[in-house]
Structure formats: structure tokens, C-alpha cells
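Commentary on secondary and tertiary structure
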Amino acid sequence: MKYAMLVYGDHTAWEALPAEEAKRQRAESMPRWNAIFQEISEADPGWLGRELAGPSEGKVVRVVDGLTVVTDGPFAETKEQLGGIFVAELSDLDEAIRLAALVPSAEHGTLEIRPLGTM
Amino acid sequence: MEFIALVYDDPAGWERMTEAEQASAMEGYMAVSQEAAAAGVLVSGAGLAPTSAATSVRVRSGEALVTDGPYAEVKESLGGYYLFSCETMDEAIAWAARIPSAAHGGAVEVRPVHVGEETAA
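Residues numbered from 1 in each chain as written. Chains lettered and ligands numbered in written order. Predicted model: local features only at pLDDT ≥ 70, side-chain atom pairs only at ≥ 80, totals over all residues.

Trans is the common state for peptide bonds, and a negative phi is the common state for residues other than glycine. Going from G73(A) to P74(A), the amide bond is cis rather than trans, its omega being 0°. Of note in this structure, D65(A) is not a glycine but carries a positive phi near 50°. Positionally, D65(A) belongs in the loop between strand 3 (59–64) and strand 4 (67–72). Look at S61(B): it is not a glycine, yet its phi comes out positive at around 50°. Looking at the secondary structure, you find S61(B) in the loop between strand 3 (55–60) and strand 4 (63–68). The class of S61(B) is exposed, set by 6 C-beta atoms lying within 10 Å. (Helix = DSSP H or I, 4+ residues; strand = E, 2+ residues; numbered from the N terminus. Buried ≥ 20, exposed ≤ 12 C-beta atoms within 10 Å, placed from the backbone.)

The structure is reproduced here in C-alpha cells:
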């Protein structure tokens, strides 16, 4: 089964960190991220993983009466914002949960797991 | 440069559509995939199962907390994504505007993919 793992975190808190501290925290968590990339790539060599630019860099696109209307993002006004996505073929939901719990963001944010639909 | 188009929809709105409207929308999603692929712009894309099939995982004080359902109950939820490789945000926006949800009461959020020396995936 293919699953998407959606990484939600409080981006405002992250952006509020002094640059040096953000850099330090990122460097500190990199070995754990790399370990997850390694595990997922072993489970599915065709996996996809992307970190998104901050929510404020997003543009919201709607088409109204044939006209494209673009507003500044983010779309979802929730405390936690989508910050990254993994998509991989995994053996089952338990495996997806195990991997999700290894993601550093799960310690302060939320990992949402969704099977892929039929699009 | 890569941009992700996050497709937000109200599932109740989908249920209210007629079968013909749903079929037409599905064709629209497929058409974006096919045309973006033909243009060499599509990196990846997928639809997600509804939020009723979601599982949320949080780790607090070293304990994994697993709950059924999405991370937040919202009217319009993430229903799928397209990952585009484009030169500019404007180009990505033009592709996003062709996704049926943009015209059907939903919205498409276009976000650049983070690039930096730390990006490992």
C-alpha cells in the first residue's frame, strides 16, 4: 500500500528562532532525518520526500468565473502547517506509524498518515 | 525549481456533485497530470484517501501517541498534490489554476520546495 506521511509543525515557532539556533537544531536533527531517508529508501526505492518552503511563501490559487485569483498563503489557518511530505510504498499501516514516530517533527508537531487514493 | 500544488477540497462538496460532474472533475485532474507530464513539468502527483482514513502520530515525552483521524478537523482538507518542476512561481500558478478544485469551491496552495545544502531528500 502506498502511504503519504504529512509532516505538520508550528512554523511560526520555528521562524521565531534566532538563525544560529535554527541552524544548530537543524544540524542536530539531520542524522535522524538521514536515518529515516535511509529506511524509507530501503522499503521503497521509488519513495518521494520533500521539505516545503515556509507557509508564508505559499500562494493560494482559485478560479472564479474563469479568472485566476491569487492570494498570499497559507491556505489553512491552523497552528500547525504542512512542512513536508513523504510518499512511499510500505508493507502496512503499522510500518507507516513506526516510521512516522521516528521523524523528529513528531516530537513537537504531528505526522498524519494517509493512504493514497485512486487519482 | 520545484513547486508543490496542495489541493484543498471540501469532501462534502464532492458528495453534492452529480456523477457526471464528478466524472468531469476526475477527467480534469487526469488532464493536468497528462499535460504536465507531456510538458516535462510533472515530477509526481497523487490523490489522498479521505481524512476518515487518516492516522495521526505524535511523540510526547518519548511515547508514541497514535490516534485515528487527521491532525486537525478542517472543512477543506488536503485531497492530493501535484509536484511541478517549473522555472517560476507564475508558471506553477498557471498549472495550479487548471486543477479542477481551484474552480470548484476549493483552493490550490502553491508552495516552493525547500532548497538548501541541508536538503537531503
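Read on, since the account is not over.
With that settled, the discussion passes to the sheet that holds strand 2 (residues 42–47) of chain B. Reading across the sheet, the six strands line up as 4(A)-3(A)-6(B)-1(B)-5(B)-2(B) and stay open at both edges, with antiparallel pairing between neighbours. Strands with a single pairing partner mark the edges of an open sheet, and in this sheet they are strand 4 of chain A together with strand 2 of chain B. When strand polarity is set aside, the average angle formed by the axes of neighbouring strands in this sheet is 25°. Inspection of the sheet shows strand 2 of chain B paired to strand 5 (residues 77–85) of chain B by five bridges, in the antiparallel sense. (Pairing = 2+ DSSP bridges. Axes fitted to C-alpha atoms, helices over the stretch in contact; angles between N-to-C directions.)

So, about the sheet that holds strand 1 (residues 2–9) of chain A. Across the sheet, which stays open at both edges, the six strands sit in the order 2(A)-5(A)-1(A)-6(A)-3(B)-4(B) with antiparallel pairing between neighbours. Each having just a single partner strand, strand 2 (48–51) of chain A together with strand 4 of chain B make up the two edges of the open sheet. Adjacent strand axes in the sheet meet at a mean angle of 20°, parallel and antiparallel pairs treated alike. Pairing between strand 6 (residues 110–115) of chain A and strand 3 of chain B: three bridges, direction antiparallel. Along strand 3 of chain B, the bridge assignment pairs I113(A) with T55(B). Lying on the sheet, helix 3 (residues 93–102) of chain A is in contact with strand 1 and strand 6 of chain A together with strand 3 and strand 4 of chain B; it crosses strand 3 of chain B at an angle near 35°. (Contact = placed C-beta atoms within 7 Å.)

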